[in-house]
Every structure is written in C-alpha cells, then in structure tokens.
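Residue-level structural notes
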Amino acid sequence: QVQLVEAGGGLVQAGGSLTLSCAASGRIFSINAMAWYRQAPGKQRELVAAITSGGSTNYADSVKDRFTISRDNAKNTVYLQMNSLKPEDAAVYYCNADIRQRYYSGSVPYWGQGTQVTVSS
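Residues numbered from 1 in each chain as written. Predicted model: local features only at pLDDT ≥ 70, side-chain atom pairs only at ≥ 80, totals over all residues. Heavy atoms only, no water.

Here the focus is the pairing of strand 4 (residues 30-39). Both faces of the sheet carry side chains from a regular strand, because those side chains alternate between them. Note: strand 4 against strand 9 (residues 91-100), eight bridges, orientation antiparallel. Each residue of the ladder has a partner; that of W36, found in strand 9, is C95. With five bridges joining them, strand 4 and strand 5 (residues 46-51) adopt antiparallel strand pairing. Bridge assignment links A35 to a residue of strand 5, and that residue is A50. (Pairing = 2+ DSSP bridges. Helix = DSSP H or I, 4+ residues; strand = E, 2+ residues; numbered from the N terminus.)

So, in structure tokens, the structure goes:
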C-alpha cells in the first residue's frame, strides 16, 4: 500500500557529487521523519541523515558539511545531496520514512529498495 522508490545512485569519482531522491506513494495520510541510511559490504546499516516534517535535520559525523538532506512535503519526497564524495561513502543507500496511513493510525517505518552508490578513487 505504501512504496518508497529511490533514484539517483551510480558511479562517481572521488570528489564528485550525486543527488539521491526517494518518493513515497500509496495510501499516505502524513509522513513524519524521513531519513537516509547506508550499508557497505560487511558492515551494519547506519544512519546517514534524517529530517523531520518540520525540516529539522541531523547528520552522521562522517558526512557533516558534505551531505545535505531535504524534503518536499507536497511531493512526499526526500533528497540527499552528496558532495565531495569519498571511497568510504560507497554503499547501498536506503530511504526510510515514518508514515501514517490514516488519521487514527500510528506511524509505521517503511524502507526503499536501496540504491547503489559507488565511488572510485
């Protein structure tokens, strides 16, 4: 009933930039926090950046001053602008959103399918 579809991953040289997007669709009453996570091979999934419905943001220390998370509430879409990419940023990036499907229901976390980001040195 709810889908998160990510786009924008790919191959980039170190120092380059990429912008990821994630659009939520389906039966949606409201979306609370939205976030980006990443998982590199052999490592645990980690939070990269998060943004509340009001626009407050927080970032992992490793990406501060390089990545910017933003959202368009009218489009139910969250973005991740990634600048000055490093080889250690390479991972599968996952979108996450806390979604209420009805006014009387609580929020439930949904995940996107993931998009690969590869950074060549």
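Still more to cover.
What follows is about the nonpolar core. One recurring pattern in soluble globular proteins is that nonpolar side chains are buried together. Within the largest apolar cluster, 29 residues are counted, with the highest numbers of intra-cluster contacts made by W36, V48, F67, V78, L80, M82 and Y93. Listed by contribution, the elements that provide at least two residues to this core are strand 1 (2-7), strand 3 (18-26), strand 4, strand 5, strand 7 (67-72), strand 8 (77-82), strand 9 and strand 11 (115-120). In this view, L80 contacts L18, T19, L20, W36, V48, A49, F67, T68, I69 and Y93; residues no more than four positions away in its chain are not counted. (Core = buried A, V, L, I, M, F, W, Y, C linked by side-chain atoms within 4.5 Å. Buried < 20%, exposed > 50% of the residue type's maximum accessible area, 1.4 Å probe, protein only. Contact = heavy atoms within 4.5 Å.)

The full count for this structure, using the stated rule, is four salt bridges. A salt bridge links R38 to E46, with the shortest nitrogen-to-oxygen separation between them at 2.7 Å. Given the relative accessible area of 6%, R38 is considered buried. One continuous salt-bridge network, built from bridges that share partners, spans R38, E46, R66 and D89. (Salt bridge = Lys/Arg side-chain N within 4 Å of Asp/Glu carboxyl O.)

Before going further, it helps to spend a moment on the sheet that holds strand 8. Strands sit in the order 1-3-8-7 across an open sheet of four strands; the sheet is antiparallel. The two strands at the open ends of the sheet, each matched to only one other strand, are strand 1 and strand 7. Averaged over all neighbouring strand pairs, the angle between strand axes comes to 15 degrees, with direction disregarded. With six bridges connecting them, strand 3 and strand 8 associate as antiparallel partners. (Axes fitted to C-alpha atoms, helices over the stretch in contact; angles between N-to-C directions.)

By the definition in use, this model includes one disulfide. Note on cysteine connectivity: C22 is disulfide-linked to C95, with sulfurs 2.1 Å apart. Around the S-S axis, the bridge from C22 to C95 shows a dihedral of about -80 degrees and counts as left-handed. Linking C22 in strand 3 with C95 in strand 9, this pair joins segments that are 73 residues apart in sequence. For C95, a relative accessible area of 0% corresponds to the buried category. (Disulfide = S-S within 2.5 Å.)

Okay, the packing of aromatic side chains next. Centre-to-centre distance and the angle between the planes together describe a pair of aromatic rings. Inspection of the entire model under this criterion finds two aromatic pairs. A centroid spacing of 5.1 Å and a plane angle of 85 degrees characterise the contact between Y103 and Y104, whose relative ring orientation is edge-to-face. Each of the two residues, Y103 as well as Y104, counts as exposed. Taking NZ or CZ as reference, R45 lies 3.7 Å from the ring centre of Y94, over its face. Over the aromatic face of W111 sits the side chain of R45, whose NZ or CZ is 4.7 Å from the ring centroid. (Phe/Tyr/Trp six-rings, centres within 6.5 Å; stacked < 30°, edge-to-face > 60°. Lys NZ or Arg CZ within 6 Å of the ring centre and 35° of its normal.)

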